[in-house]
Amino acid sequence: MDPIRNPYAPGAGQRPPELAGRDTEVRQFEVVLERVAAGRPERSLVLSGLRGVGKTVLLNTLRSQAIKRAWGTGKIEARPDQSIRLPIAQALHTAMRELGHRHRDDEKVDQFSAVLKAFALRTAANDRKGIRWHPPVDVAAAKGRADSGDLEMDLIELFTDAADLAGDLTVGVGLFIDEMQDISTDDLSALCAACHEISQQSAPLVVVGAGLPHLPAVLSASKSYSERLFRYIRVDRLARDACDRALMIPAESEGVRYDEEALDELYAQTDGYPYFVQAFAHSTWDHAPTSPITIKDVAVAAPEASAELTVGFFGSRYERATPAEREYMRAMAELGIGVDDGSVPTSEVASTLNRKPQSLSPARDGLIKKGLVFSAERGTVAFTVPHFGKFLRTRTA
């Protein structure tokens, strides 16, 4: 098959040619956009799931929906140990640039820019590292608005003014946050409080966050009312019919078909995880001599696709871990045999390593910070990456 015509996209956060299995989430967000713009109360959204299930793709898709509705939008990717103040300022600056040129009151737009600048200038020097963006220079910073230094108070005032500006145009503002679990506890508490205040005002601003499976628990720990503040959507692997659509529709656009046995084998190989589906389909396309694609083509391509995942998807993460952290993960993998690499008790990890649980806390905490494991419930840990336990067992076999 012509590799130039290969329709599959196994890239990080790269939208596949057919966004299968996410129709419900897309329709739900259409309702949110309409209700918020109409001044009706609506909750912000949180997407959670393992690596490779398409959270970032879905997040970007929802943002595209908002843009099509003429909303002002901005996106940030949270980073550990970095305040969200300056990234949020940058994101809302992008949103206001989308709205400002349509607003009839230039003075009001400038007033918001002044508030945004005042908010951004309260960023500590340490939190400016690695960020080249600077707040608007063509206006003077406002005084007494979003500049107190208290992030919660400042976010409420900034969000209120941004929503007010969008409301003049009968649209809204969407703030999209990837890797939301990496926001510090204090900053997350401030963000939740600001979302709470905005929702009580029925102001046209929504936050859409995406993160690992333990993100709902992290939010609940930061503010008890966050369980009612957000609408939680679990992004999971694809059902068989959705997986078939993700494979067949792009191929059919190029005049190519799959045998039923080939579809069976691809689902067995990928378990329906969207990133794996794209990776295996991409490799299978390149190895198939002609249409229809058969189970033999899948068998020939599978070792190459697996090898690519071993180096890029699994191996790169494994290499980031320290020797102590790798030992911890190998114990998790051993315990995960037969349970689909789900959550395992930390006490059993300690028992497997013949160590006291307290002595393993640094390794566990290091893995959590690196986004390799998560703890959805107290006393348990699980891999953030599907099939990671299988990869480790193969590596140490």
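The following refers to the structure shown. On a predicted model such as this, the values are computed, not experimentally measured, just so you know. (Residues numbered from 1 in each chain as written. Predicted model: local features only at pLDDT ≥ 70, side-chain atom pairs only at ≥ 80, totals over all residues. Heavy atoms only, no water.)

## Notes on unusual backbone geometry
Residue P292 is reached from S291 by a cis peptide bond, and omega for that bond is 0°. Structurally, P292 is set in the loop between helix 11 (274-287) and helix 12 (295-320). Positive phi is not limited to glycine here, since A70 has a value of about 70°. Looking at the element boundaries, A70 is found in the loop between helix 2 (55-68) and strand 2 (72-77). (Helix = DSSP H or I, 4+ residues; strand = E, 2+ residues; numbered from the N terminus.)

## Some remarks on the packing of aromatic side chains
Taken as a whole, this structure holds 13 aromatic pairs when the rule is applied. Judged by centre distance (4.9 Å) and plane angle (15°), the rings of Y275 and F313 are stacked. Of this pair, Y275 sits in helix 11 while F313 sits in helix 12, placing them 38 residues apart in sequence. Aromatic ring contacts, followed pair by pair, group Y273, Y275, F276, F313, F314, Y318, F383, F388 and F391 into a single cluster. Note that R326 overlies the ring of Y318, its terminal NZ or CZ placed 4.7 Å from the centroid. (Phe/Tyr/Trp six-rings, centres within 6.5 Å; stacked < 30°, edge-to-face > 60°. Lys NZ or Arg CZ within 6 Å of the ring centre and 35° of its normal.)

## Comments concerning the sheet that holds strand 7 (residues 373-374)
The antiparallel open sheet is built from three strands, whose spatial order is 6-8-7. The open sheet has two edge strands, strand 6 (344-345) and strand 7, and neither has a second partner. Across two bridges, strand 7 lies against strand 8 (residues 380-383) in antiparallel orientation. Bridge assignment links F374 to a residue of strand 8, and that residue is A382. Here helix 13 (residues 323-335) sits on the sheet and contacts strand 6, strand 7 and strand 8; the angle it forms with strand 8, its principal contact strand, is near 90°. (Pairing = 2+ DSSP bridges. Contact = heavy atoms within 4.5 Å. Axes fitted to C-alpha atoms, helices over the stretch in contact; angles between N-to-C directions.)

## Quick word on a negative patch on the surface
Among the surface-exposed residues, D105, D106, E107, D110 and D138 lie close enough to one another that they form a single negatively charged patch. As for its position among the elements, D105 is in the loop between helix 3 (85-100) and helix 4 (106-121). (Patch = residues over 30% accessible without salt bridge, like charges linked within 9 Å, V, L, I, M, F, W, Y side chains within 5 Å. Areas by Shrake-Rupley, 256 points an atom, 1.4 Å probe, with all protein chains shown as cover. Salt bridge = Lys/Arg side-chain N within 4 Å of Asp/Glu carboxyl O. Lys, Arg positive; Asp, Glu negative; His and termini not counted. Charge placed at Lys NZ, Arg CZ, Asp CG, Glu CD.)

## Notes on the pattern of salt bridges
Counted by the stated rule, this structure contains 20 salt bridges. Across the salt bridge formed by R35 and E42, the nearest N and O atoms sit 2.9 Å from each other. On the basis of relative accessibility, which here comes to 18%, the residue E42 falls in the buried class. Across the pair R240 and E260 runs a salt bridge, and its minimum N-O distance is 3.4 Å. A residue pair is termed long-range when its members are at least 10 positions apart, and R240 in helix 9 (residues 240-252) and E260 in helix 10 (residues 260-270) qualify at 20 residues. Each member of the salt-bridge network shares a partner with another, and the members are R240, D244, E260 and D264. (Buried < 20%, exposed > 50% of the residue type's maximum accessible area, 1.4 Å probe, protein only.)

## Concerning the environment of M96
Within the fold, M96 resides in helix 3. Residue class for M96 comes out buried when judged on its relative accessible area of 6%. Sequence separation of M96 and S347 is 251 residues, and the distance between their C-alpha atoms is 50 Å. What M96 contacts, discounting residues up to four positions off in sequence, is F112, A162, L165 and V173.

## Some remarks on the nonpolar core
Within the largest apolar cluster, 125 residues are counted, with the highest numbers of intra-cluster contacts made by I88, F159, L191 and Y258. Top contributing element to this core by residue count: helix 5 (residues 151-167), with nine residues. Not counting residues within four places of it along the chain, the set of residues in contact with L191 comprises I84, I88, L155, F159, I177, M180 and I183. (Core = buried A, V, L, I, M, F, W, Y, C linked by side-chain atoms within 4.5 Å.)

## Digging into helix 10
Those residues of helix 10 that sit buried are A262, L263, L266 and T270. End-on view of helix 10: buried residues confined to an arc of 100°, all on one side of the axis. Turned more than 90 degrees from where helix 10 packs its buried face, E260 and A268 sit exposed. Considering only its buried residues, helix 10 is in contact with helix 9, helix 11 and helix 12. Downstream of helix 10 by a residue or two, D271 has a phi angle that is positive, lying close to 60°. (Arc of directions from axis to C-beta.)

## What about the packing of helix 10 against helix 12?
Two elements in contact, helix 10 and helix 12, have axes whose closest approach is 7 Å; the angle formed by their N-to-C orientations is 30°. By the angle class used here, helix 10 and helix 12 are roughly parallel. Residue-level contacts link E261, A262, E265, L266 and Q269 of helix 10 to I295, V298 and A302 of helix 12. For the contact of helix 10 with helix 12, the class distribution of residues is five nonpolar, one polar and two charged. (Parallel < 35°, antiparallel > 145°, perpendicular 65-115°, else oblique. Nonpolar A, V, L, I, M, F, W, Y, C, P; charged D, E, K, R; others polar.)

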